[in-house]
Amino acid sequence: MKKKIKKEDTWISFVIKGICFLIYPPRCPICHGILKKGEGLAHEECKKKLVYVKEPRCFQCGKPVMAKEIEFCYDCSQKKHVYTKGLSVFLYNSVMKKSIYEFKYNNKREYGDFYAQEIVRELGEHIKRWKVEAIIPVPLHKSRRKRRGFNQAELVANKVGQRLGIPVEASLVARTKKTLPQKQLNDKERQNNLKKAFKMMRNDVKLSTAIILDDIYTTGSTVDEVAAVLRAAGVEKVYVICIAIGKGIDGS
């Protein structure tokens, strides 16, 4: 039997939400200014500063390329990836760099709502065609998660999963090795840094198709390592979805 919701409970909830809005008003993930009620998750004018990744793009990682005749970006033409295919929403330019920095390091967790909304809007049809059985956020080492307070990839994955009706398996893969920040390393150092960094934690989940979700795609070393762990566990197709992606070293 469903519990009857009293009018006073609804009123109290409305008041609490109003107070929270006044004390902690939502901010635009692009200009970081306060959003007014009805403005959505970002200012429309600010969204014009973002660069959405469109076709043509690399068949492998999804980076933008110069012409539709180019199948692979320079990076992917030089390296074989473990994952099946990747796509990202935004180009990782100075605007997105600032946005994701605020999200990760200054506890702007509400930005995750905007990222998830845009992932679903831009890439939702691709994800549906892939027929994925689970979304797996790239895990953080427990020490880094404790320091930051949350895993940014997991937060966005949960919101995307809710919108698309796809389960999120955040505990399936763990980061068991404390690694250096990838942004400080070159490609070879990234690969060595991540060796044996991830481990399957459960054997009861049998998947044939999954998505790895991360915030930023640069060389693909991180998602390759997670994909390798999943492949070894029997996952046949491993796709990658990221909030933002770089251009590549040749600009293609």
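Since the model is a prediction, treat every value here as computed from it, not as a measurement.

(A) Up close: the side chain of Glu102. Residue placement: Glu102 occurs in helix α4 (residues 94–105). Residue classification places Glu102 among the buried residues on the basis of a relative accessible area of 9%. In this structure Glu102 touches His32, Asn107, Lys108 and Tyr111, once residues within four positions along its chain are discounted.

(B) Molecular detail of the nonpolar core. Among the nonpolar cores identified, the biggest contains 38 residues, and Phe90, Tyr115, Ile119, Ile127, Val156 and Ile241 are the most heavily contacted of them. Residue assignment for this core shows that the elements contributing at least two residues are β1 (85–91), α4, α5 (111–130), α7 (152–164), β5 (209–217) and β6 (237–245). The leading source of residues in this core is α5, at nine residues. With residues up to four places along the chain from it excluded, the contact list for Ile127 reads Ile119, Val132, Leu164, Ile166, Ile211 and Ile241. Within the second largest apolar cluster, 31 residues are counted, among which are Val65, Cys76, Val226 and Cys242.

(C) Broad picture of the packing of aromatic side chains. Applying the stated criterion across every chain yields a total of nine aromatic pairs. Centroid distance Tyr52 to Phe90: 4.8 Å. Interplanar angle 55 degrees. Geometry classified as tilted. Highlighted residues: Tyr52 in the loop between α2 (44–47) and α3 (74–78) and Phe90 in strand β1, separated in sequence by 38 residues. Both residues of the pair, Tyr52 and Phe90, count as buried. One aromatic cluster in this structure is built from Tyr52, Phe90, Phe103, Phe114, Tyr115 and Phe150.

(D) Structural context of the confidence of the model for the chain. With 83% of its residues at a pLDDT of at least 70, the chain reaches an overall mean of 88. Across residues 13–18, where pLDDT falls below 50, the model places zero contacts with residues more than four positions away in sequence or in other chains.

(E) Main features of the pairing of β6. In terms of residue burial, β6 counts as a mostly covered element, since eight of its nine residues are buried. Here β1 runs beside β6; their pairing, made up of six bridges, is parallel. Its bridge partner being in β6, Ser88 is matched across the sheet by Cys242. With eight bridges joining them, β5 and β6 adopt parallel strand pairing. Within β6, the residue paired with Ile212 across the bridge is Val240. This β-α-β element, β5 to helix α9 (residues 221–232) to β6, shows right-handed connectivity.

About the thresholds
Residues numbered from 1 in each chain as written. Predicted model: local features only at pLDDT ≥ 70, side-chain atom pairs only at ≥ 80, totals over all residues. Heavy atoms only, no water. Helix = DSSP H or I, 4+ residues; strand = E, 2+ residues; numbered from the N terminus. Buried < 20%, exposed > 50% of the residue type's maximum accessible area, 1.4 Å probe, protein only. Contact = heavy atoms within 4.5 Å. Core = buried A, V, L, I, M, F, W, Y, C linked by side-chain atoms within 4.5 Å. Phe/Tyr/Trp six-rings, centres within 6.5 Å; stacked < 30°, edge-to-face > 60°. pLDDT = per-residue confidence, 0-100. Pairing = 2+ DSSP bridges. Right-handed = clockwise from strand over helix to strand, strands pointing away.

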